[in-house]
Amino acid sequence: MRSRSFILLTLVAIFFFSCADDLTNVGVSIQPGSDEISVNADTFHVVTENVYVDSIYTRQDSFLLGTFYNNKYGSTTADILAQVECPVGYKFPSNAVADSAIVYMYYTTWFGDDLSPMDVSIYEMNVNTFKYSEPYYSNLNVANYCDKSKLLSHRLFTASGVSTATTKAVKFPLPKTFVDRLSKDSLFMSSDNFLKSFGGFYITSSYGSSAILNVSRILMQYYYHHTISKNGKDTTIVTAVPFPANEWVRQVNRYVHEDRSEKAKLRDTINYNYVSSPANLETRIKIPLARMNDSIYSKLANKKLSMNSALLKVEVAEIDDSSLPVPLTSYLLLIKESAMKRFFENNELPNDTCAILGKYNAVLNDSTNEYDYYYSFNTAKLVANEIKNKSYLTNEYLNMRLIPVRVTIDSNSSVTEVKHQFLFTGVTLKSGSNQESPMKINAVFSGF
């Protein structure tokens, strides 16, 4: 009896197992072939080229000043045009006596030879001044703002010779005639009223080509004294009134690269692309949008596209280890060329369909046992969006630009601000035609 029951249970189990297996197979077999998910991968080479930068736009909180020469990127000359904020509504005591005015220029770091002499001059912006709401670019014409007829001060010094303090300050005494001009209460009725009388400073270096300062702060201090009666005695009070160059007024850092054409002849522009700041070299990347569209849909037929990944890996070709090193760019922004002006003027943040942020990375190569250095950008949403909008019908390539940027990140690791990099940086990249490892996009995409 037990034997019969065991045989019966075994047959029932085999029956149900067979049914379950048949049902599973039927579930797949009755699904139409057109409904199957298609997963594919492809590689797309990009076209790259070097681009000379005419100018950049940024509201800066520090500046470069001087001239610095590098064998790879050439010379960079930087000077500063700066307004200063006045104390609106300020009134001097009736018995105030003007004493002096001094411009303090603070800096903490520099590039180049710290013993190279710098002759820095300060002129008055006596032709015109800035309007707060207008954008100003780094290639502005100084003659539109200053004719150099009013030299206010100059100093000859070396980068490391001013003091031994971490933050160094160079003092520029201003002439008595200028001091007397600022002794009227009427100048401080409003910022506009003050700027009509004094448009700002033009600060430039006229000597030396081996050092460039990273100026962190510019401040004018106006000193006066007056007498008060205290406990029956006359007491002299000395007062300093600050006029800072800050975010409430405008400053522009101007950059000049005089030997770019000469340096271009010495560069390998076939295998390499170059990025250098401030406002020197950028890399254009031409994404083959039409070819990507044709290749993708030849594999997907009429299925709906889903871009899983479209990784653009930008490899660093070499690390600059010369005696005067140029810091490598920490962040590069891959941005549509058509959006560049709007992006920076409006202080926009990166988004995956317009601008993608890439950070400098290093990974150990198991084959060579050496580190590979690169920036990576996932262009999946960007490419998918451009294909969806059929941009390839009017442009075979999507023109993108690699731009050196400085990034502000908050305590939550979120990017809060992206600006043009205005400090001295540079990086050499493997181009789209590099014989060893050409720049390309590795894409993974699905069809439903």
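Fair warning: this is a prediction, and the values are worked out from it, not measured in the lab. (Residues numbered from 1 in each chain as written. Predicted model: local features only at pLDDT ≥ 70, side-chain atom pairs only at ≥ 80, totals over all residues. Heavy atoms only, no water.)

A. Focus on the overall build of the protein chain. A count of helices and strands for the protein chain gives seven helices and 23 strands. Relative to the 2.2 N^0.38 estimate, which gives 22 Å for 448 residues, the radius of gyration of the protein chain is 32 Å and therefore markedly larger than a compact globule would have. Taking the principal axes of the C-alpha coordinates as reference, the protein chain spans close to 130 × 60 × 45 Å. Within the protein chain, buried positions represent 45% of all 448 residues. Within the protein chain, counting contacts between residues at least 6 apart in sequence, those at least 24 apart form 79% of the total. Of the roughly 22900 Å² of accessible surface on the protein chain, 51% is carried by carbon and sulfur atoms. Positive and negative side-chain charges of the protein chain, numbering 43 and 44 respectively, have mean locations separated by a distance of 5 Å. (Helix = DSSP H or I, 4+ residues; strand = E, 2+ residues; numbered from the N terminus. Rg over C-alpha atoms; globule rule 2.2 N^0.38 Å. Buried < 20%, exposed > 50% of the residue type's maximum accessible area, 1.4 Å probe, protein only. Contact = heavy atoms within 4.5 Å. Areas by Shrake-Rupley, 256 points an atom, 1.4 Å probe, with all protein chains shown as cover. Lys, Arg positive; Asp, Glu negative; His and termini not counted. Charge placed at Lys NZ, Arg CZ, Asp CG, Glu CD.)

B. Summary view of the packing of aromatic side chains. Counted according to the given criterion, the structure contains 25 aromatic pairs. Ring plane angle 50 degrees and centroid distance 5.8 Å describe the contact between F111 and F424, whose orientation is recorded as tilted. Separated by 313 residues along the polypeptide, F111 in strand β5 (residues 97-112) and F424 in the loop between β21 (415-420) and β22 (425-430) bring together distant segments of the chain. Classification of F111 as buried rests on a relative accessible area of 17%. With relative accessibility at 1%, the residue F424 sits in the buried group. (Phe/Tyr/Trp six-rings, centres within 6.5 Å; stacked < 30°, edge-to-face > 60°.)

C. Representation of unusual backbone geometry. Following S277, the chain continues into P278 via a peptide bond in cis, with omega recorded as 5 degrees. Positioned with a positive phi, A279 is a non-glycine residue whose angle comes to about 45 degrees. By the secondary structure assignment, A279 is in the loop between β13 (272-277) and β14 (281-287). Take A279: its relative accessible area is 6%, and that puts it in the buried class. Although it is not a glycine, K390 adopts a positive phi angle of roughly 55 degrees. Among the residues examined, K390 registers a relative accessible area of 47% and is labelled partly exposed.

D. The pairing of strand β10 (residues 211-230), seen in detail. With five bridges joining them, strand β3 (residues 63-70) and β10 adopt antiparallel strand pairing. Within β10, the residue paired with T67 across the bridge is A211. Judged from the 14 bridges that link them, β5 and β10 form a sheet pairing that is antiparallel. Directly across from S100, in β10, lies its bridge partner Y223. Both β10 and strand β11 (residues 233-244) contribute to a ladder of twelve bridges, which runs antiparallel. If you follow M220 over to β11, its bridge partner there is F243. The turn joining β10 and β11, which pair antiparallel and follow one another in sequence, is formed by two residues; a positive phi near 55 degrees is taken by N231. (Pairing = 2+ DSSP bridges.)

E. Main features of a nonpolar patch on the surface. Nonpolar side chains collect at one region of the surface, where I37, V39, V444 and F448 lie side by side and expose about 380 Å² of accessible area between them. Considering the arrangement of structural elements, one finds V444 in strand β23 (residues 440-447). (Patch = residues over 30% accessible without salt bridge, like charges linked within 9 Å, V, L, I, M, F, W, Y side chains within 5 Å. Salt bridge = Lys/Arg side-chain N within 4 Å of Asp/Glu carboxyl O.)

F. Just the pattern of salt bridges, in detail. Within this structure, the stated rule accounts for 16 salt bridges. Between D42 and K299 there is a salt bridge; the shortest N-O distance is 3.2 Å. One end of the pair, D42, is in strand β1 (residues 38-45); the other, K299, is in helix α5 (residues 289-300), with 257 residues separating them in the sequence. Judged by its relative accessible area of 35%, K299 is partly exposed. The salt bridge partner of E436 is K430, with a shortest N-O separation of 3.2 Å. Linked by salt bridges that have partners in common, E49, E282, R284, E337 and R401 make up one network.

G. Spatial organisation of the environment of D42. Along the primary structure D42 and I296 are separated by 254 residues, whereas in three dimensions their C-alpha atoms are 8.2 Å apart. Look past the residues within four positions of D42 in its chain and what remains in contact with it is S295, K299, I441, N442, A443 and F445. A polar contact of 2.6 Å, which involves the side chain of D42, links it to the side chain of S295. Of note is the side chain of D42, whose polar atom sits 3.2 Å from the side chain of K299. (Polar contact = N/O pair within 3.5 Å; in protein donor to acceptor, adjacent residues only side chain to side chain.)

H. Spotlight on the packing of α5 against helix α7 (residues 380-388). Packing of α5 against α7 brings their axes to within 10 Å, and their N-to-C directions diverge by 85 degrees. If you check the angle between α5 and α7, you find them roughly perpendicular. In this structure, α5 uses L289, M292, N293, I296 and Y297 to contact α7, whose residues at the interface are V383, E386 and I387. Here the residues of the contact of α5 with α7 sort into six nonpolar, one polar and one charged. (Axes fitted to C-alpha atoms, helices over the stretch in contact; angles between N-to-C directions. Parallel < 35°, antiparallel > 145°, perpendicular 65-115°, else oblique. Nonpolar A, V, L, I, M, F, W, Y, C, P; charged D, E, K, R; others polar.)

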